Amino acid sequence: MEHIVIIGNGIAGVTAARHIRKLSDKKITIISAEAEHFFSRTALMYVYMGHMRWTDIEPYEAFFWKKNRLELKKAYVTSVHTDTKTLEFETGDTMHYDTLILATGSTTNTFGWEGLDLNGVQGLVTKQDLETLERNAPNNTECPRAVIVGGGLIGVEMAEMLCTRGIQVTMLVREPAFWSNTLPMGEAEMISRHIESHGVDLRLKTNLDKILGDGNGNARAVLTKEEGEEIPCSVVGITTGVTPNIAFLKDSKIETDKGILVNRKLATNIPDVYAIGDCAQQREPIGNRPPVEAVWYTGRMMGEALAQTICGNTFEYNPGNWFNSAKFFDIEFQTYGWVNSEERKKEYEAQFHWKCPSDLRCITIAYHKQTEVFLGINTFGIRMKHAVIDQWLNEDRSLDYVVKNLKKANFDPEFYDSYESKIQQAYTNQFEKAQL
């Protein structure tokens, strides 16, 4: 019987396993050194915050794996020998595979700062990171103050987590506003104010110089580069992005760059070896998408696509229009298509921006300067229907059409306030158009 071995039990690896099982009777082994079972990584923060228990973020019951004949092995792979199709483990034992799927995810991105090895310095990517944070910051007596280096989605999650335990949080963000390398400036400034409203000491245009120790191996402070200010803390959260988790492949024949290089069928340069999820890097990026997509839903889509190929129905990874969602404390965020920051904006891109006087809701619609074709939309505090926005993008609808029909895309519950008329009024005023 063909033996499919999957290294990694995150959303990409487990989705591939589930769909291969639906389509075949192949032997499937899932290997992970992180956790016994698959869990919802995006829900890690809610365990620390007390909203959920660890068992609550495991989507499948314990019997699921045996029932579906998915063998689990908790182990760390140190080497992949593609000539003999053999995996070598940290314990010294080995395993043979017929087809190998690499779904090893990502790890915290660091930049060689002095003091990274001190106790209290950590990222927030893995189950082990969550357990470390629980030890490092159990309460505001043992950890009265923490510094988070970097912004982005992981940074704001960590800030919210620590704030729920009454820990004073300082964030060092190198940009002029929070996540302004990704968001248009109006949005970035609104989110900056919202983060500060929750008591976070947000230091913009500020870089880390080094992390200072107490002489006993523990972090005691950080030193900023610009002002040379020493900020006391016992926890330093490193949230400066993630990088593919591929160090164990350095001596293999599998081609890598930032990630494991794959084609549209998610195949590597080695026959019968594939890569999916955060660790995969497209040799040729798809449209405007980055070559490495560290996003939950793309990992799931890659797993589904690869399962088809492995089971005889050759299938290319085709993720369609870009979308993503997140939460910044109390403000929900959705993005569809492409709405670029000032530094990443294309020459042909223009934007219409509306912000609610409450400073808790806004939208930005990107469109083509010449044709006024709809390119994408960001929403904060207003939920949109994915299927409707996706259809508009596929149909190349106009800016006028999108603004006029926003109500059709609204996904907020029935008794929520509606803002379409205010958005449309701002649009007609800004563009001096007839009332929509």
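See above for the structure.
The structure presented is a predicted model; accordingly, all values stated were derived computationally and were not measured. (Residues numbered from 1 in each chain as written. Predicted model: local features only at pLDDT ≥ 70, side-chain atom pairs only at ≥ 80, totals over all residues. Heavy atoms only, no water.)

## Concerning the overall build of the protein
Applicable threshold: For helices the rule is a DSSP run of H or I covering at least 4 residues; for strands it is a run of E covering at least 2, with both sets numbered from the N terminus onward. Taken over C-alpha atoms, the radius of gyration is set against a globule rule of 2.2 Å times the number of residues to the power 0.38. Three exposure classes are used, based on accessible area relative to the maximum for each residue type with a 1.4 Å probe and protein chains only: buried under 20%, partly exposed in between, and exposed over 50%.
Counting its secondary structure elements, the protein contains 11 helices and 25 strands. Relative to the globule expectation of 22 Å for 436 residues, the C-alpha radius of gyration of the protein, 23 Å, shows essentially globular dimensions. When the backbone C-alpha atoms are referred to their principal axes, the protein occupies close to 70 × 60 × 40 Å. In the protein, buried positions account for 51% of the 436 residues.

## What about the nonpolar core?
For clarity, the threshold we go by: Each nonpolar core is a collection of buried residues, namely Ala, Val, Leu, Ile, Met, Phe, Trp, Tyr and Cys, held together in the definition by side-chain atoms within 4.5 Å. Contacts were defined at the residue level, with two residues in contact if any of their heavy atoms lie within 4.5 Å.
Of all hydrophobic cores here, the largest spans 79 residues; its most connected members are Leu87 and Leu102. Apart from residues lying up to four places away in sequence, Leu87 is in contact with Val5, Ile7, Ile31, Val77, Ser79, Val80, Asp93, Thr94, Met95, Tyr97 and Leu100. With 43 residues, the next largest nonpolar core counts Val47, Val173, Ile191 and Ile195 among its residues.

## Focus on a negative patch on the surface
Test applied: Here a patch means residues that are over 30% exposed by relative accessible area and free of salt bridges, tied together within 9 Å if like-charged and within 5 Å if nonpolar (Val, Leu, Ile, Met, Phe, Trp, Tyr). Only the protein chains shown count as covering a residue, and every accessible area follows the Shrake-Rupley method with a 1.4 Å probe. What makes a salt bridge here is a side-chain nitrogen of Lys or Arg within 4 Å of a carboxyl oxygen of Asp or Glu, nothing more. In this tally Asp and Glu are treated as negative and Lys and Arg as positive; neither His nor the chain ends contributes. One atom stands in for each charge, and that atom is NZ of Lys, CZ of Arg, CG of Asp or CD of Glu.
The grouping of Glu114, Asp209, Glu226 and Glu227 at the surface amounts to a negative patch. Looking at the secondary structure, you find Glu226 in the loop between strand 14 (219-224) and strand 15 (230-232). Residue Glu226 is classed as partly exposed on the basis of its relative accessible area, which comes to 38%.

## With respect to unusual backbone geometry
One non-glycine residue, Asp272, adopts positive backbone phi at about 70 degrees. Examined against the element boundaries, Asp272 turns out to sit in the loop between strand 18 (260-262) and strand 19 (273-275). Notably, Glu372 is not glycine yet its phi reads approximately 60 degrees, a positive angle. Mapped onto the fold, Glu372 is located in the loop between strand 24 (362-368) and strand 25 (374-380). The partly exposed category is assigned to Glu372, whose relative accessible area is 27%.

## Description of the pairing of strand 7 (residues 99-102)
We count it as follows: Strands were regarded as paired on the criterion that DSSP finds at least two bridges between them.
Residues Thr99 and Ile101 line one face of strand 7 and the alternating positions Leu100 and Leu102 line the opposite face, and both faces are buried. Relative to strand 7, strand 1 (residues 3-7) runs parallel, the two being bridged by four bridges. Residue pairing across strands places Ile4 opposite Thr99, the latter belonging to strand 7. The pairing of strand 7 with strand 19 spans three bridges and is classified as parallel. Bridged to Leu100 within strand 19 is Val273.

## Looking at the side chain of Glu160
Relative to the elements of secondary structure, Glu160 occurs in helix 5 (residues 152-163). Buried charge without a salt bridge: Glu160, with Lys327 as the nearest opposite-charge side chain at an N-O distance of 4.5 Å. Look past the residues within four positions of Glu160 in its chain and what remains in contact with it is Met45, Met49 and Phe329.

## Some details on the packing of aromatic side chains
For any two aromatic rings, the description comes down to two numbers: the centre-to-centre distance and the angle of the planes. Applied cut-off: Only Phe, Tyr and Trp rings take part, Trp by its six-membered ring, and two of them pair if their centres are within 6.5 Å. Stacked means planes under 30 degrees apart, edge-to-face means over 60, and tilted covers everything else.
The tally for this structure, following the rule as stated, stands at 21 aromatic pairs. Where Tyr297 meets Phe323, the ring centres are 3.8 Å apart and the plane angle is 20 degrees; that geometry is what we call stacked. Linking Tyr297 in helix 7 (residues 296-310) with Phe323 in strand 21 (residues 323-328), this pair joins segments that are 26 residues apart in sequence. Phe323 shares its class with Tyr297; the two are buried. Ring centres of Phe352 and Tyr427 lie 5.4 Å apart, and the angle between their planes is 75 degrees; this geometry places the pair in the edge-to-face category. Placement of the pair is Phe352 in strand 23 (residues 349-355) and Tyr427 in helix 11 (residues 420-431), with a sequence separation of 75 residues. Take Phe352 and Tyr427: they sit in the same class, and that class is buried. An aromatic cluster of at least three residues, connected via ring pairs, comprises Phe178, Trp179, Phe328, Phe333 and Phe380.

## Things to note about the packing of helix 1 (residues 11-23) against helix 7
For the record, the criterion: Angles here are taken between N-to-C directions and fall from 0 to 180 degrees, while the axes themselves are lines fitted to C-alpha atoms, restricted in helices to the stretch in contact. Should an angle fall under 35 degrees it is taken as roughly parallel, and over 145 as roughly antiparallel, whereas 65 to 115 is taken as roughly perpendicular and any remaining angle as oblique. The sense of a crossing depends on the near helix, which, turned anticlockwise from the far helix by less than a right angle, makes the crossing left-handed and, turned clockwise, makes it right-handed. Side-chain classes follow a simple rule in which Ala, Val, Leu, Ile, Met, Phe, Trp, Tyr, Cys and Pro form the nonpolar group, Asp, Glu, Lys and Arg form the charged group, and the remainder, Gly included, forms the polar group.
Helix 7 packs onto helix 1 with a crossing angle of 30 degrees between their chain directions and a minimal axis gap of 7 Å. Looking at the two axes, helix 1 sits roughly parallel to helix 7. In this structure, helix 1 meets helix 7 at a crossing whose hand is right-handed. Two secondary-structure elements touch here, helix 1 through Ile11, Ala12, Thr15, Ala16, His19, Ile20 and Leu23 and helix 7 through Trp296, Gly299, Arg300, Gly303, Glu304, Ala307, Gln308 and Ile310. Per-class residue counts for the contact of helix 1 with helix 7 are eight nonpolar, five polar and two charged.

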